[in-house]
Amino acid sequence: MTEQAAPTTMHIGELADRTGLSNRTIRHYDEVGLLHPSGRTEGGFRLYTDTDLARLLIIRRMKPLGFTLEQMAELLAVVDALEAADNDDRARLRGQLDEYIRDTEERRAKLEQHLGMADEFLGILRDR
């Protein structure tokens, strides 16, 4: 039998550095239930793992696309459930994930359209 190594952990400051988010934002995501630390030190400091980092990166990528906290929570629940789902649940969950994929594609297309308008506007301004 092989011993599994304990997951490496990081404090909130390192997590903030690795994600580009502030400590305050990370604490807010904890308060609203999107991200909970995997542990705490004896002194009560939050400890995060690479799994927590991956979860926070999903949140960070959803925010600028305009997803609400509720939508973020729903998607994270789907992602979490997919890992442990049996075949019956997997199809239902995959359908929910596919809805988020379609929604994200629509949001991306809208952003691309806005970027094109911004480029056009910059061209107009530069021609003045």
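Residues numbered from 1 in each chain as written. Predicted model: local features only at pLDDT ≥ 70, side-chain atom pairs only at ≥ 80, totals over all residues. Heavy atoms only, no water.

## Observations regarding helix α4 (residues 69-84)
Here α4 contains 16 residues, and its C-alpha end-to-end distance of 23 Å stays within 8% of the 22 Å for a straight helix at 1.5 Å per residue. Where α4 is concerned, the buried positions are Met72, Leu75, Leu76, Val78 and Leu82. Projection of α4 onto a plane perpendicular to its axis shows the buried side chains occupying an angular sector of 155 degrees, all on one side. Along α4, the residues that are exposed and aim more than 90 degrees away from the buried face are Glu70 and Ala84. Against α3 (50-62) and α5 (87-127) lie the buried residues of α4. (Helix = DSSP H or I, 4+ residues; strand = E, 2+ residues; numbered from the N terminus. Expected span 1.5 Å × (residues − 1). Buried < 20%, exposed > 50% of the residue type's maximum accessible area, 1.4 Å probe, protein only. Arc of directions from axis to C-beta. Contact = heavy atoms within 4.5 Å.)

## Notes on the UniProt feature "domain: HTH merR-type" (unreviewed entry) in the protein
In this numbering, the UniProt entry assigns the feature "domain: HTH merR-type" (unreviewed entry) to residues 9-78. Taken end to end, residues 9-78 has its terminal C-alpha atoms 25 Å apart, with 57% of it in helix and 6% in strand. (UniProt positions renumbered as here; feature names shortened; annotations may be inferred.)

## A word on the packing of helix α1 (residues 12-19) against α3
Taken N-terminus to C-terminus, the directions of α1 and α3 make an angle of 45 degrees; their axes are 11 Å apart at the nearest point. Between α1 and α3, the crossing angle belongs to the class labelled oblique. Crossing geometry of α1 relative to α3 is assigned as right-handed. Contacts between α1 and α3 involve Leu15, Arg18 and Thr19 from the former and Asp50, Leu53, Leu56, Leu57 and Arg60 from the latter. Residues that form the contact of α1 with α3 fall into these classes: four nonpolar, one polar and three charged. (Axes fitted to C-alpha atoms, helices over the stretch in contact; angles between N-to-C directions. Parallel < 35°, antiparallel > 145°, perpendicular 65-115°, else oblique. Left-handed = near helix turned anticlockwise from the far one by under 90°. Nonpolar A, V, L, I, M, F, W, Y, C, P; charged D, E, K, R; others polar.)

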